[in-house]
Amino acid sequence: MTRLTLAFALFGAMTVVPATAFAMEPYLPKSPKAFTKVDVDSNGKVTATEITPRAEKRFDRVDTDRNGAVSAAEIEASLQKAMERRRDRILADLDTNKDGAISRAELDASVDRLIAAADADRDGGVTLDEAKSYRLAKLRKPATPTGEQAN
Ligand SMILES: [Ca+2]
Ligand SMILES: [Ca+2]
Ligand SMILES: [Ca+2]
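Quick caveat: nothing in here was measured; it's all calculated off a predicted structure.

**Describing the overall build of the protein chain**
Link 1 in the chain: A tally of helices and strands in the protein chain yields 6 helices and 0 strands.
Link 2 in the chain: Each helix (α) and strand (β) of the protein chain, taken in turn from the N terminus, gives the series α-α-α-α-α-α.
Link 3 in the chain: Counting the 151 residues in the protein chain, one finds 3% classified as buried.
Link 4 in the chain: Restricting to contacts in the protein chain with at least 6 residues of sequence separation, those with at least 24 account for 38%.

Take a look at the structure:
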């Protein structure tokens, strides 16, 4: 893999936060952890009764003028906020000297950090399995819960 491809892969990895985390459309949990959280009565099935309150909570968060309807402008504002959060996260991860911009050297350094963090057996390369385990480990402890936090 060339360094450039790897850089793209790196940015790709950062967008791993599912789009659904910001979206107000109802969605089904896809990871075991998310499923357990939604399956409130732990019967191994998620039902409308379990999904609805979560969807309504997100709805209320987007309905900032509290008029009981989510307008295009409110959706746009919420997507805008999500984008700003993502921007800040990218900067927090990559802009190590905090000058508000990511230099190529900072990018290269973060590639090195990523490889070092994921290369479990320290052989200098990341196998698909190592990449998967690393991704899972990251998903298990997300930096900031983007989905369900209170305002
Ligand atoms: Ca509204
Ligand atoms: Ca910088
Ligand atoms: Ca390795």
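**Observations regarding unusual backbone geometry**
What is expected of a backbone is that most residues other than glycine have negative phi and most peptide bonds are trans.
Link 1 in the chain: For arginine 66, which is not a glycine, the phi torsion comes out positive at approximately 50°.
Link 2 in the chain: Looking at the element boundaries, arginine 66 is found in the loop between α3 (48–62) and α4 (72–94).
Link 3 in the chain: Despite not being glycine, arginine 122 has its phi angle at roughly 55°, a positive value.
Link 4 in the chain: Here arginine 122 shows up in the loop between α5 (104–118) and α6 (128–140).

Parameters and conventions
Residues numbered from 1 in each chain as written. Chains lettered and ligands numbered in written order. Predicted model: local features only at pLDDT ≥ 70, side-chain atom pairs only at ≥ 80, totals over all residues. Helix = DSSP H or I, 4+ residues; strand = E, 2+ residues; numbered from the N terminus. Buried ≥ 20, exposed ≤ 12 C-beta atoms within 10 Å, placed from the backbone. Contact = placed C-beta atoms within 7 Å.

Take it as geometry only, folks, not as evidence of what the structure does.
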